[in-house]
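The chain contents come next:
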Amino acid sequence: MALLRITSPHTQRAGRRTSWVMLMVILATIPGIAVQSWLFGWGTLINIAIAAITALLSEAAVLSMRRRSVVFFLTDYSALLTAVLLGIALPPSVPWWVTVTAVAFAVIFAKQLYGGLGNNPFNPAMVGYAIVLVSFPVPMTQWVGASDMVSSGSMMSLSQSLQAIFHHLPSIDSYTMATPLDGFKHKDSLSSAAAFNSIVSLKGANLSSWLFINSAYLLGGLILLVLRIITWHTPVAVLSSLAVISGVFYLIDPNHAATPWFHLTTGAAMFGAFFIATDPVTSCTSNRGKLVYGTGIGILIYVIRTWGGYPDGVAFGVLLMNFAAPLIDYYTQPRTYGHKKAKKGLTIKEDN
Amino acid sequence: MQTTNIFSFHGGIHPPENKAQSLTLPLGHPSLPKELILPLSQHIGQSSRPLVSQGEQVLKGQAIAINNGFLSSFLHAPTSGSITAIEERVIAHPSGLSDLCIVIEPDGDDNWTERKPLNDWRRISKTDVLSYLAEMGIVGMGGAGFPTQVKLQGAHKHPLTHFIINAAECEPYITADDMLIREKTEQLVLGIEVLQHLVEADQVIIGIEDNKPQAIAALNNALAQHNSTIQVAVVPTKYPSGGEKQLIQLLTGKEVPSGQHPADIGILCQNVGTCVAVHDAIYLGQPLITRFTTLTGDALKAPQNVEVLLGTPVKHLLDYAQATHKKISRLVMGGPMMGFTLNSIDAPIVKTSNCILAASKKELPAPAPEQACIRCGMCEQVCPASLLPQQLLWFSKSQEFEKAEHYNLFDCIECGACSYVCPSSIPLVQYYRHTKSSIREAREAAVKSDLAKQRFEARKARQEAEAAEKEAKRLARQKASAQKTEGKSTATEAKKATPPAAETKTAILDESKKLKVDIALAKNKLKKLQKQLVEAQENEHVEEINHLQLQVTEQEKILTSLEQQLEKMATTPAEKSTKAAPAPVNEELKKAKIDVALIGAKLKKAQKQLAESPDDKELKANVSELEKGLVQAQSLLDRLTPSTAAQKADMLQKASSKPTVNDDLKKAKIDLAIAKAAVKKVEKALKKAEELKAPEADTLRQQLLEAQQRVDSLEKALSNPQTQSPMTEATESNASTDESAAKNEQIKKQKIASAMAKAAINKLKKRLAAEPDQAESIQQEIAAAEKRQQEADALLAQLTQSQDTM
Ligand code: SF4
Ligand code: SF4
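Report on the accompanying structure. Keep in mind it's a predicted model, so treat the numbers as computed, not measured.

Thresholds applied
Residues numbered from 1 in each chain as written. Chains lettered and ligands numbered in written order. Predicted model: local features only at pLDDT ≥ 70, side-chain atom pairs only at ≥ 80, totals over all residues. Heavy atoms only, no water. Contact = heavy atoms within 4.5 Å. Buried area = accessible area lost by both parts, 1.4 Å probe. Salt bridge = Lys/Arg side-chain N within 4 Å of Asp/Glu carboxyl O. Polar contact = N/O pair within 3.5 Å; in protein donor to acceptor, adjacent residues only side chain to side chain. Helix = DSSP H or I, 4+ residues; strand = E, 2+ residues; numbered from the N terminus. Pairing = 2+ DSSP bridges. Buried < 20%, exposed > 50% of the residue type's maximum accessible area, 1.4 Å probe, protein only.

1. Notes on the interface of chain A and chain B
Link 1 in the chain: Contact residues are listed per partner, giving 48 residues for chain A and 69 residues for chain B.
Link 2 in the chain: Carbon and sulfur atoms make up 52% of the area that chain A and chain B hide from each other, which totals about 5000 Å².
Link 3 in the chain: Joining chain A to chain B, the criterion identifies two salt bridges.
Link 4 in the chain: We note a salt bridge from B:Glu255 to A:Arg335, for which the minimum N-O separation is 2.8 Å.
Link 5 in the chain: Taken together, the links from chain A to chain B amount to 26 residue pairs in polar contact (both at pLDDT 80 or more).
Link 6 in the chain: Breaking the side of chain A that touches chain B down by element, the ones donating at least two residues are helix H1 (18-28), helix H16 (287-307) and helix H17 (314-331) of chain A.

Next up, the structure:
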């Protein structure tokens with residue numbers, strides 16, 4: 001009888017391993033993916049499939065180059081999660097090489113080159129997204145429109161989606177239209193009311209399809225909250241700061257600014273708040289830190305959407321706050337039991 | 001009965017309780033094992049000293065080992081029998097090592113020694129009750145086994161607001177306290193009353209988790225019957241509510257300040273087992289020889305609680321609980337969260353063993369492979385100390401010890417909650433333990449090198465002083481020998497005899513002085529060590545305590561040996577120098593001076609402490625006492641100084657029949673020597689010139705003549721006073737050697753003082769560079785040290801001057 005000799009604790013919470021965490025996040029995106037597919041066709045699913053294959057292959061390649069156990073690390077599902085998030089974020093009709101570029105860059109450069117899971121300072125999915133957004137702006141801003149509003153009057157079929165992604169679909173323009181955010185951005189000098197009346201992409205049907213998508217991701221996020229995979233701090237901070245700042249500007253200038261409701265229900269607001277900003281590796285550690293971090297993201301989203309060069313600001317907002325996360329961490333340490341004050345700042349001082 | 005407020009603490013986890021298994025069977029009483037193994041160190045602190053020897057017969061309850069120092073306790077024979085060995089055996093310790101154990105072979109009769117209950121505990125002094133408890137071997141039976149009387153004494157520092165009885169028992173699997181409360185409710189209440197009598201807290205609260213309804217009911221019942229003011233606070237089940245700090249927070253809402261003790265905020269915690277043991281000792285006269293232990297785990301067919309004799313081998317208990325030995329994959333002493341694994345089933349039960357968990361592979365599987373930290377923050381959500389475990393992990397891995405400390409690593413109570421929830425299966429606690437011990441090692445090394453540096457500096461100062469003194473002596477000897485050769489013709493026997501005597505005396509003085517410096521150093525070190533030890537004991541830093549204790553004993557040994565040497569030394573010169581009366585006075589003077597310095601130093605330290613914590617009454621009293629002592633020592637010193645001065649003056653007068661002559665004499669001698677040398681030189685030059693037939697020969701010859709004339713005249717002048725007073729000169733030189741020896745001594749002392757001051761300045765300057773935010777206070781210290789040095793230098797200069805003129 002050989003007795004095992006290890007130090008305490010001797011038990012572990014059953015079942016909740018890192019792979020489980022990743023898997024749950026992936027599963028929580030299903031409602032959103034379903035709604036997206038229902039509204040925009042097969043594109044998202046095909047994107048996710050391409051992304052997943054690319055992610056797994058890139059991860060395996062780098063792992064074997066780094067002489068790490070491929071199977072062990074692949075089964076933590078972190079690469080798969082990155083792929084799924086990117087597949088969701090990219091437009092459903094984007095050519096395959098855009099997806100491959102984004103995912104490969106995300107996995108190889110943004111994650112593995114920093115030392116793999118847990119060591120990357122920037123959200124890999126958003127790095128990949130930003131790279132292709134900057135490099136290939138045209139396909140990246142073509143979104144499939146709601147079927148009864150686009151000129152073809154129907155949704156892309158599976159074969160059309162495949163054609164659009166892998167080859168070239170000449171009639172692609174008849175299926176796409178600007179997203180509401182895009183439309184609102186390019187209303188130019190029109191007043192808000194006039195814009196919502198005249199611009200196609202700001203018409204009710206398009207708006208409600210984005211409302212559905214955002215609700216679906218909200219649902220997924222709530223599941224994660226219930227499972228205690230994420231805490232409420234980051235998403236609440238992102239959404240409330242976005243609501244507050246858009247509310248303030250709406251009150252100041254209701255003629256040209258959009259309502260908080262518009263901001264919360266279009267674009268990647270919910271997806272970003274619950275699935276992107278909560279990426280544990282690249283966000284802040286303490287609860288207070290997460291509040292600051294989330295608030296920063298919410299404000300940046302509004303700033304980029306309103307005054308920036310891109311219609312949505314989640315990716316850049318998150319990346320910018322990734323930069324700030326370590327600093328925020330230094331200033332938001334929790335107060336330890338038995339200490340009068342929380343420690344702050346970078347300097348290592350005497351105990352208090 | 002009032003109800004108490006229940007607060008909450010951050011974090012916590014809800015692991016599967018697994019408590020039902022061991023509660024299905026009633027309390028068991030295993031049979032006597034073939035042998036009982038009693039480790040001499042049952043808990044933290046020093047191990048006890050055996051009182052028995054091999055082959056001796058002992059009775060049940062007879063003391064077989066006695067406490068050995070402050071943090072140590074008595075040990076008693078759990079049954080009657082004979083001592084078969086006192087040898088190394090495997091003990092129940094995280095290290096898995098062996099240690100010295102007393103092995104008893106029971107004779108089966110279970111004969112008690114005479115029991116003397118302490119029935120009048122209410123009337124006799126509390127100190128007596130405490131020492132009685134110590135003699136009964138009572139230690140804390142929940143955690144580290146801190147001797148109870150030490151903890152109770154510590155509780156007297158501040159008036160107690162809360163006396164908390166820890167019955168939370170938050171660890172999964174363990175039910176020993178639960179069973180104890182149910183079985184011995186009455187005894188528990190009586191024991192608590194005894195302890196409350198000793199500590200007089202405002203409130204007595206029993207903290208118990210809500211998963212023990214039977215125990216709670218039993219307690220409420222007993223308390224109602226007793227009309228007791230003891231309160232029962234039922235806390236929600238959450239690990240680690242039984243942690244001392246967490247229970248305090250739950251019941252009082254207060255936090256124990258980091259690095260301090262519950263006693264510092266007026267709270268005392270005791271385990272229920274301890275209270276029952278106190279009852280047994282006071283009312284029945286039974287020392288601590290049994291305890292309740294939970295036997296549980298899937299590998300046991302009959303998991304249950306047992307009342308077991310200390311020293312019973314685990315194997316005996318496993319057999320009693322019908323263990324399937326093949327099924328045991330992990331044998332844990334304590335609970336699954338904080339217990340440690342045993343690697344031998346021969347290890348015995350000790351005073352702190354509350355559970356034996358014989359787990360099958362399925363029950364406690366081997367830990368999953370460690371994955372990367374994904375910074376998910378789950379660990380942080382459960383940490384009862386509100387730490388950032390993921391950051392601590394990061395710093396531990398990268399060995400950034402300073403940052404780890406900055407993130408309050410030392411506030412981690414090693415509860416294991418973070419490891420429990422970590423999805424990446426990272427053994428966080430293991431990392432923290434390793435980092436903590438690395439930091440402690442580094443600190444110890446720093447202290448050691450610091451001490452070595454101090455020693456080195458002191459030695460260097462001493463050597464420098466000695467070298468300077470030697471040089472001075474050499475010069476003096478040169479002069480003296482010049483004198484001697486000159487005065488040979490007229491010198492008397494007495495003159496020859498005195499210098500060697502004086503020399504030996506000074507040599508002895510030298511030796512003893514060196515010894516004294518050594519002793520002062522050793523004493524200093526000892527005091528420092530003792531302070532560290534007390535601190536460590538207060539903070540319950542187990543490893544440090546052992547280590548420091550060793551150092552202290554060693555230092556004490558060194559000190560005594562040095563003192564002995566000094567004594568020997570002191571007696572020898574005393575015999576010789578009976579005629580030289582000033583010696584003892586000098587001695588006393590020196591002692592007084594040292595006293596003044598010591599008290600001054602102490603005073604300064606106390607004042608500093610006082611500045612830090614201005615409302616510490618104890619310190620204040622201390623300071624005023626020290627101040628008084630200083631005044632006394634100073635006055636003694638003052639009294640001594642004039643008397644020696646008077647003596648010196650006396651001596652001088654006696655010898656001063658011809659002080660000026662003496663002076664002239666010396667000068668003349670020196671002049672003579674110079675003149676002679678000049679003659680020689682000129683002679684040589686002349687010879688050379690003659691050889692070369694140089695024209696300078698004439699002038700040289702002239703010079704030689706002149707020089708010789710000078711020598712002649714000088715010699716005449718010299719012989720004049722010499723012939724006049726050979727006797728006075730003899731006595732005089734004697735006196736002057738005495739005098740100069742005393743002066744020499746002072747000079748040496750001043751030199752040492754100056755060197756030490758210099759060293760202190762250097763050190764302070766270094767510290768100044770390292771800790772710029774304390775610049776002001778350090779700056780002040782530097783100024784003070786510099787002043788000291790200047791004073792010493794000035795005195796030194798004065799002394800050397802006066803010596804020169806002599
Ligand atoms: S629980 Fe484990 S993986 Fe999560 S942050 Fe803490 S250490 Fe990292
Ligand atoms: S082991 Fe230390 S860091 Fe981990 S939860 Fe407990 S107190 Fe916090």
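2. Some points on the sheet that holds strand S2 (residues 49-50) of chain B
Residues and elements named next belong to chain B.
Link 1 in the chain: The sheet built from three strands is open, its strands ordered S2-S4-S5 with antiparallel pairing. With partners counted over all chains shown, the strands left at the sheet margins are S2 and strand S5 (75-76), one partner each.
Link 2 in the chain: Pairing of strand S4 (residues 63-66) with S5, which is carried by two bridges, proceeds in the antiparallel orientation. What sits directly across from Ala-63, in S5, is His-76.

3. Some thoughts on the pattern of salt bridges
All names here are of chain B.
Link 1 in the chain: Under the counting rule described, the total for this entry stands at 17 salt bridges over all chains.
Link 2 in the chain: Its salt-bridge partner being Glu-414, residue Lys-436 comes within 3.1 Å of it at the nearest N-O pair. Of the two residues, Lys-436 sits in helix H13 (residues 428-487) while Glu-414 sits in the loop between helix H11 (401-406) and helix H12 (417-421), which places them 22 residues apart along the sequence. Here Lys-436 and Glu-414 have matching classes, each one buried.
Link 3 in the chain: For Arg-474, the salt bridge identified is with Glu-471, shortest N-O distance 3.0 Å. One end of the pair, Arg-474, and the other, Glu-471, are both in helix H13, three residues apart, so they sit about a helical turn from each other.
Link 4 in the chain: Accessibility expressed as a relative area gives 38% for Arg-474, which makes it partly exposed.
Link 5 in the chain: What makes Glu-471 partly exposed here is its relative accessible area of 38%.
Link 6 in the chain: One salt-bridge network, held together by shared partners, links Glu-35, Glu-87 and Arg-89.

4. Digging into the sheet that holds strand S3 (residues 57-58) of chain B
The strands making up a sheet are joined through hydrogen bonds of the backbone, oriented either antiparallel or parallel.
Residue and element names in this part refer to chain B.
Link 1 in the chain: Overall, antiparallel pairing links the four strands, which are arranged S1-S7-S6-S3 in an open sheet. Every interior strand has two partners, whereas the edge strands, strand S1 (36-39) and S3, have only one.
Link 2 in the chain: Inspection of the sheet shows strand S6 (residues 81-90) paired to strand S7 (residues 98-106) by nine bridges, in the antiparallel sense. Its bridge partner lying in S7, Gly-81 is registered against Pro-106.

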